[in-house]
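Residue strings, one per chain:
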Amino acid sequence: MILNQLPALQVTLPLIAAPLCLLLRSGRAAWLLCVTVSTIALGIALLLLDEALEKGLIVYDFGGWAAPWGIEYRVDVVNAFVLMIVSGISTSVLLFARISAASEIDDDRQSLFYTAWLLCLTGLLGMAITGDAFNLFVFLEISSLSSYVLIAMGPDRRALTASYQYLIMGTIGATFILIAVGLLYLVTGTLNMADLAGRIPDLADNRTLRAAFAFLTVGMGLKLALFPLHLWLPNAYTYAPSAVTAFLAATATKVAVYALARFMFSVFGTAFAFDSMPLQLILVVLGTAAVLSGSTIAIFQHNVKRMLAYSSVAQIGYLMLGLSLATAAGLTATLVHLFNHALMKGGLFLAVGCMAYRLGTTRLADLAGIGFRMPWTTAAFVIGGLSLIGLPLTAGFISKWVLVQAVLENGWWPLVVVIVVGALLAVIYIWRIVETAYFRTVSEGRDDFVEAPLALLLPTWLLIGANIYFGIHTDLSLNVARLAADFLTGG
Amino acid sequence: MNALGLYNYWIVIFLMMTGFYVVIASGNLVKKIIGLNLFQASVFILYISAGKVSGGSAPILREGIESYSNPLPHVLILTAIVVGVATTALGLALVVRIREAYGTAEEDEIHRQDESL
């Protein structure tokens, strides 16, 4: 019986655990609850993915109210895949968070930290699983508000201004999405995504509908940090606590990309998004600009976290290029990169978190000679970096390969040049860290640090190891992404 | 219906642009939050206007009433208002913390302090 309730449990479990977490005074107990719930959420996501692969579509009506009157959760391969990414990353980063967060956040705020984490997880899972446009907005706000709190908990006072900046831009983005949902309801009289998809094709020339689509794209663009709407991202990632950066970098923008893809392909349909609206041109231009400018700016950063943040802006560019192709192959590239980028950025930010734990700083100049003092941490960072560049035998290579194939299928060879140049720029910024870590000597007065504790190294290597594993075995990543892309484009 | 008859939508646009302008142009962090509130309030009015049916009564079952306003947008916007209140509360809490850390709530001054580090 309980198996029928899995889609509801996926979201309600972390939601109910959040206030419980608040009641626990001890940070350690709160952490334990948080990890347990996140692990169960991962288990549920895997069961759902398995079921979705078998059945194709799982529909869950909340409270027995049939759609379109009630809110329904629709789980297919696409969002089951996203659910797995979000809960998987949350669980592995939480393993890292206990020691890391204890060093960055006051003891009496620990349980608040894990409460906000669970709420953020709830919001992200809810955004992925829901089949109702307004429900998506509510979950978006749950995840956003809790992520502002998480970022503001960073050790530096600039975390506060970063969080404030994100709050302003994020709220404008979310309000744009609210306007879009309102306009959609005005024209169609429904909020259910499947129902919307049925009514939109008859209204292709409706101006309100076009306005709704434009508002939605800009709003989602703000949330997923599409160039040039990414201005909140570098500060937020730089000053947030290490574990939060890894969690948000690997999941928050990804879920927004998923939501955009869902609206583009399932709700509005490719005919509307690409023929009636000039979305293709916009995505190609902004995606290209994101890849080139993000990677270039990353080269000139003096802080490793900030450098990786700009690299995230570039990676989002690749995701957009995949979407812009409007083909099953392009969508496959986006979805597989969603998975692989979560692994590489999660792993990289955890490795940086290890360095921050020992050194108390992430400034590049302070990392001199770290390769010999913290060999495992640095090795993890280098492997993650190679995956980011896209070297064969790493997950990043699979992403790039699939994307290049998809681009060539459309015959857009200039984009291949963009992708290769992006990878070369990544070589430069990763090399700067390799050079500092291995070819410089430890600066004076900074020679007292040793390798990070095992409890931090294990989760880091879990994600870094996954980068290598999924660079060789692509059953879970590529094949599922392919099925998901076929599902989104085909029906 | 002429353009003036849709006056509530003109109010929506006016409020939206005012709020958006305040968010962008104001250097004071509290004023930015107020601008954000105006911006959100305009969307509330958009939803509420959309629920109105000409000649419709309040959506309560009564004898002799045939036409009702649509209650769904009103219920939806109730949720969005709650979200807006939460955002404002969090934003103001952040401003208080920023003022404690920097001693000011002016954006320029905060930038100056960060750069001098």
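The text that follows walks through the structure, step by step, so that each part is easy to find. In this text, all values refer to a predicted model and were calculated from it rather than measured experimentally. Here, residues in each chain are numbered from 1, in the same order as that chain's written sequence. Lettering of chains starts at A and numbering of ligands starts at 1, both following the order in which they are written. Thresholds applied to this predicted model are a pLDDT of at least 70 for local features of residues and 80 or more for the giving and counting of side-chain atom pairs; totals over whole chains, interfaces and linings are not thresholded and use all residues. To get the side-chain values, take all heavy atoms of the structure and skip hydrogens and water.

**Focus: the overall build of chain B**
Right, so step 1: The way it works is that DSSP assigns letters per residue, a run of H or I at least four long becomes a helix, a run of E at least two long becomes a strand, and they are numbered from the N terminus. Of regular secondary structure, chain B possesses 4 helices and 0 strands.
Right, so step 2: Helices (α) and strands (β) of chain B occur, in sequence order from the N terminus, as α-α-α-α.
Right, so step 3: The dimensions of chain B, computed from C-alpha atoms along their principal axes, are 70 × 30 × 15 Å.
Right, so step 4: Whether a residue is buried, partly exposed or exposed follows from its accessible area with a 1.4 Å probe, protein chains only, as a fraction of its type maximum: under 20%, in between, or over 50%, in that order. Each of the 117 residues in chain B was classed as buried or not, and the buried ones make up 37%.
Right, so step 5: It only takes one pair of heavy atoms within 4.5 Å for two residues to be counted as in contact. In chain B, once contacts between residues fewer than 6 apart in sequence are set aside, the share between residues at least 24 apart is 47%.
Right, so step 6: Residues counted as positive are Lys and Arg, residues counted as negative are Asp and Glu, and His and the chain ends are not counted. Where a charge sits is defined by one atom per residue type, namely NZ (Lys), CZ (Arg), CG (Asp) or CD (Glu). Side-chain charges in chain B split into 7 positive and 9 negative, and the spacing between the mean points of these groups amounts to 5 Å.

**Some points on the overall build of chain A**
Right, so step 1: Scanning chain A for helices and strands turns up 19 helices and 2 strands.
Right, so step 2: The globule rule is 2.2 Å times the number of residues to the power 0.38, and the radius of gyration it is compared with is taken over C-alpha atoms. Since a compact globule built from 491 residues should have a radius of gyration of about 23 Å, the 21 Å found for chain A is in line with a globular shape.
Right, so step 3: Viewed in the frame of its principal axes, chain A has a C-alpha envelope of about 70 × 55 × 40 Å.
Right, so step 4: The long-range fraction of contacts in chain A, counting pairs at least 24 apart against all pairs at least 6 apart in sequence, stands at 79%.
Right, so step 5: Of the roughly 16,600 Å² of accessible surface on chain A, 65% is carried by carbon and sulfur atoms.
Right, so step 6: Within chain A, the 26 negative side-chain charges are centred at a point lying 8 Å from the centre of the 25 positive side-chain charges. Computed with the Shrake-Rupley method and a 1.4 Å probe, the accessible areas treat only the protein chains shown as cover for residues.

**Observations concerning the packing of aromatic side chains**
Aromatic ring pairs are described here by two measures, namely the spacing of the ring centres and the angle between the planes.
Right, so step 1: Pairing of aromatic rings covers Phe, Tyr and Trp, the last counted by its six-membered ring, and requires centre-to-centre distances within 6.5 Å; plane angles under 30 degrees mean stacked, over 60 mean edge-to-face, and any other angle means tilted. Taken as a whole, this structure holds 26 aromatic pairs over all chains when the rule is applied.
Right, so step 2: With a centroid separation of 4.8 Å and 70° between ring planes, the pair formed by Phe-62 of chain A and Tyr-73 of chain A is classed as edge-to-face. Of this pair, Phe-62 of chain A sits in the loop between strand E1 (57-61) and strand E2 (72-76) while Tyr-73 of chain A is found in strand E2, placing the two residues 11 residues apart along the sequence.
Right, so step 3: What makes Tyr-73 of chain A buried here is its relative accessible area of 4%.
Right, so step 4: Relative to Phe-39 of chain B, the ring of Phe-20 of chain B lies with its centre 5.4 Å away and its plane at 20°, an arrangement referred to as stacked. You can see Phe-20 of chain B sitting in helix H1 (residues 7-25) and its partner Phe-39 of chain B sitting in helix H2 (residues 29-51), a full 19 residues away along the chain.
Right, so step 5: The exposure class assigned to Phe-20 of chain B is partly exposed, which follows from its relative accessible area of 26%.
Right, so step 6: The class of Phe-39 of chain B is buried, set by a relative accessible area of 1%.
Right, so step 7: Taken together through their ring pairs, the aromatic side chains of Tyr-148, Tyr-166, Trp-232, Tyr-237 and Phe-349 of chain A make up a single cluster.
Right, so step 8: Between Arg-98 of chain A and the ring centre of Trp-31 of chain A, over which it is positioned, the NZ or CZ distance is 5.4 Å. Charge-over-ring placement is defined geometrically: NZ (Lys) or CZ (Arg) within 6 Å of the ring centre, and within 35 degrees of the ring normal.

**A few points about the pairing of E1 of chain A**
Each regular strand shows side chains that alternate between the opposite faces of the sheet.
Residues and elements named next belong to chain A.
Right, so step 1: By the alternation rule, side chains of E1 split into Ile-58 and Tyr-60, which are all buried, and Leu-57, Val-59 and Asp-61, of which none is buried.
Right, so step 2: DSSP bridges decide pairing: two strands pair if at least two such bridges lie between them. The pairing of E1 with E2 spans 5 bridges and is antiparallel. If you follow Tyr-60 over to E2, its bridge partner there is Tyr-73.

**A few points about the layout of surface pockets**
Right, so step 1: The way it works is a 1 Å grid over only the protein atoms, where trapped points that fit a 1.4 Å probe form a cavity and open points with protein on both sides within 12 Å along at least five of seven lines form a pocket, and then any residue with an atom within 4 Å of a point lines it. Grid points are joined across faces, edges and corners, and a volume is the space filled by probe spheres set on the points. One number sums up the size of the largest pocket: a volume of about 670 Å³.
Right, so step 2: Around the largest pocket sit 24 residues that line it, and Thr-161, Gln-165 and Asn-235 of chain A together with Glu-107 and His-111 of chain B are the ones nearest its centre.
Right, so step 3: Secondary structure elements with two or more residues in the lining of the largest pocket: helix H6 (158-188), helix H8 (207-223) and helix H9 (233-239) of chain A together with H1, H2 and helix H4 (107-115) of chain B.
Right, so step 4: The residue inventory of the lining of the largest pocket, partitioned by class, reads 15 nonpolar, 4 polar and 5 charged.
Right, so step 5: Quantified by volume, the second largest pocket comes out at close to 530 Å³.
Right, so step 6: Forming the walls of the second largest pocket are 21 residues, and the residues nearest its centre are Asp-156, Tyr-239, Asn-303, Thr-361 and Thr-362 of chain A.
Right, so step 7: Elements with a minimum of two residues in the lining of the second largest pocket: helix H3 (77-104), H9, helix H12 (304-324) and helix H13 (328-359) of chain A. We call Asp, Glu, Lys and Arg charged. Ala, Val, Leu, Ile, Met, Phe, Trp, Tyr, Cys and Pro are nonpolar, and the rest, Gly among them, are polar.

**Structural notes on the interface of chain A and chain B**
Right, so step 1: Of the residues lining the interface, 28 residues belong to chain A; the matching set on chain B comes to 35 residues.
Right, so step 2: Two parts lose some accessible area (1.4 Å probe) when they are put together, and adding that loss for both gives the buried area. Carbon and sulfur atoms make up 79% of the area that chain A and chain B hide from each other, which totals about 2,900 Å².
Right, so step 3: Pairing of N or O atoms within 3.5 Å defines a polar contact, subject to two protein rules: one partner must be a possible hydrogen donor and the other a possible acceptor, and residues neighboring in sequence count only if both atoms are side-chain atoms. Remark: the boundary between chain A and chain B carries 6 residue pairs in polar contact (both at pLDDT 80 or more).
Right, so step 4: For the side of chain A that touches chain B, the secondary-structure elements that each account for two or more residues are helix H5 (133-152) and H6 of chain A.
Right, so step 5: Residue contributions to the side of chain A that touches chain B peak at 17 residues, all from H6 of chain A.
Right, so step 6: Looking at side-chain class alone, the side of chain A that touches chain B contains 19 nonpolar, 5 polar and 4 charged residues.

**Focus on the nonpolar core**
Residue and element names in this part refer to chain A.
Right, so step 1: Working definition of a nonpolar core: buried Ala, Val, Leu, Ile, Met, Phe, Trp, Tyr and Cys residues. They are joined through side-chain atoms within 4.5 Å. If you look at the biggest cluster of nonpolar residues, it comprises 218 residues, and the most contacted ones within it are Tyr-114, Met-264, Phe-268, Met-320 and Phe-381.
Right, so step 2: A per-element tally of this core places helix H10 (residues 242-276) first, with 23 residues.
Right, so step 3: Dropping the residues within four chain positions of it, Tyr-114 is found in contact with Cys-21, Gly-27, Ala-30, Trp-31, Cys-34, Leu-94, Ala-97, Arg-98 and Ala-101.

**Some remarks on the state of the cysteines**
Right, so step 1: Cysteine sulfur atoms that come within 2.5 Å of each other are treated as a disulfide pair. This structure, assessed with the given rule, holds 0 disulfides over all chains.
Right, so step 2: We note that Cys-120 of chain A lacks a disulfide partner, and the nearest cysteine sulfur, in Cys-34 of chain A, lies 11 Å from it.

**Some remarks on the pattern of salt bridges**
Residues and elements named next belong to chain B.
Right, so step 1: Should a side-chain nitrogen of Lys or Arg be within 4 Å of a carboxyl oxygen of Asp or Glu, the pair is scored as a salt bridge. All told, the structure shown has 8 salt bridges over all chains when counted by the stated rule.
Right, so step 2: With a shortest N-O distance of 3.9 Å, Lys-32 and Glu-107 are connected by a salt bridge. In this pair, Lys-32 is assigned in helix H2 and Glu-107 in helix H4, connecting sequence segments 75 residues apart.

**Description of a nonpolar patch on the surface**
Right, so step 1: Patch membership is restricted to residues that have no salt bridge and whose relative accessible area is over 30%. Joining uses 9 Å for like charges and 5 Å for the nonpolar side chains Val, Leu, Ile, Met, Phe, Trp and Tyr. Judged by side-chain polarity, Leu-6, Tyr-7, Trp-10, Ile-11, Ile-13 and Met-17 of chain B come together as a nonpolar surface patch covering roughly 630 Å² of accessible area.
Right, so step 2: Note that Leu-6 of chain B resides in the segment before H1.

**Digging into unusual backbone geometry**
Residue and element names in this part refer to chain A.
Right, so step 1: Between Phe-227 and the following residue, Pro-228, the backbone shows a cis peptide bond with an omega angle of 0°.
Right, so step 2: Positionally, Pro-228 belongs in the loop between H8 and H9.
Right, so step 3: Although it is not a glycine, Ala-225 adopts a positive phi angle of roughly 60°.
Right, so step 4: Relative to the helices and strands, Ala-225 resides in the loop between H8 and H9.
Right, so step 5: Judged by relative accessible area, which is 0%, Ala-225 ranks as buried.
Right, so step 6: The phi dihedral of Leu-393 falls on the positive side, at around 75°, and the residue is not glycine.

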